[in-house]
Amino acid sequence: MSKRDKILLSTFFGWLILCGAWAYVWVAACNADPLAVDYEKGLFLPLLGFSIYRFTYLLAGFIIIYFAELILIPGAQPEKPTMV
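In this text, all values refer to a predicted model and were calculated from it rather than measured experimentally.

### Side note on the nonpolar core
Argument step 1. Grouped together as the largest cluster of nonpolar side chains are 6 residues: Trp 15, Cys 19, Ala 23, Phe 50, Leu 58 and Phe 62.
Argument step 2. Secondary-structure elements contributing two or more residues to this core are α1 (3-32) and α2 (44-72).
Argument step 3. Not counting residues within four places of it along the chain, the set of residues in contact with Cys 19 comprises Phe 50, Phe 55 and Leu 58.

Now the structure itself:
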């Protein structure tokens, strides 16, 4: 595994951890609201709200960072295979 692959994988796993933590905080905040009714305290509605309001921005940011790393990291362009 090359250095570039390690950087891209670490970026992906870092983004995945960030998304999971942010979703957890989002759901915990929705469930801690004293004015929330029963259906708002489940998992579906808060996760739906997170996916609509936050996940789209996190996904767009990940795509931008991923392609920026592909462009800026030396050797990121795949080499053409040579005939042996």
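### Notes on the packing of aromatic side chains
Argument step 1. Counting across every chain of the model gives 8 aromatic pairs.
Argument step 2. Plain terms: the ring middles of Trp 15 and Phe 55 are 5.9 Å apart, the flat faces sit at 50 degrees to each other, and that makes the pair tilted. Residue Trp 15 is located in helix α1, and its partner Phe 55 is located in helix α2; the two are separated by 40 residues in the primary sequence.
Argument step 3. Under the relative-accessibility criterion, Trp 15 is labelled buried at 13%.
Argument step 4. Judged by relative accessible area, which is 29%, Phe 55 ranks as partly exposed.
Argument step 5. Among the aromatic side chains, those forming a connected cluster through ring pairs are Phe 12, Phe 13, Trp 15, Phe 55, Phe 62, Tyr 66 and Phe 67.

### Here we look at the state of the cysteines
Here a disulfide denotes a covalent bond joining the sulfur atom of one cysteine to the sulfur atom of another.
Argument step 1. Here the structure, examined in full by the defined rule, presents 0 disulfides.
Argument step 2. We note that Cys 19 lacks a disulfide partner, and the nearest cysteine sulfur, in Cys 30, lies 16 Å from it.
Argument step 3. Here Cys 19 falls in the buried class, since its relative accessible area comes to 8%.

### Description of the side chain of Thr 11
Argument step 1. As for its position among the elements, Thr 11 is in helix α1.
Argument step 2. Judged by relative accessible area, Thr 11 falls into the buried class, the value being 17%.
Argument step 3. A distance of 2.9 Å separates polar atoms of two side chains, one belonging to Thr 11 and the other to Glu 69.
Argument step 4. Leaving out residues up to four positions away in the same chain, Thr 11 has contacts with Phe 62, Ile 65 and Glu 69.

### Concerning α1
Argument step 1. Its 30 residues give α1 an end-to-end C-alpha distance of 43 Å, which sits within 8% of 44 Å, the value for a rise of 1.5 Å per residue.
Argument step 2. Here the buried face of α1 lies against α2.

### Considerations on the side chain of Glu 69
Argument step 1. Its place among the elements puts Glu 69 in helix α2.
Argument step 2. No salt bridge is formed by the buried Glu 69, whose closest oppositely charged neighbour, Arg 4, lies at an N-O distance of 9.4 Å.

The rules behind the values
- Residues numbered from 1 in each chain as written.
- Predicted model: local features only at pLDDT ≥ 70, side-chain atom pairs only at ≥ 80, totals over all residues.
- Heavy atoms only, no water.
- Core = buried A, V, L, I, M, F, W, Y, C linked by side-chain atoms within 4.5 Å.
- Buried < 20%, exposed > 50% of the residue type's maximum accessible area, 1.4 Å probe, protein only.
- Helix = DSSP H or I, 4+ residues; strand = E, 2+ residues; numbered from the N terminus.
- Contact = heavy atoms within 4.5 Å.
- Phe/Tyr/Trp six-rings, centres within 6.5 Å; stacked < 30°, edge-to-face > 60°.
- Disulfide = S-S within 2.5 Å.
- Polar contact = N/O pair within 3.5 Å; in protein donor to acceptor, adjacent residues only side chain to side chain.
- Expected span 1.5 Å × (residues − 1).
- Lys, Arg positive; Asp, Glu negative; His and termini not counted.
- Salt bridge = Lys/Arg side-chain N within 4 Å of Asp/Glu carboxyl O.

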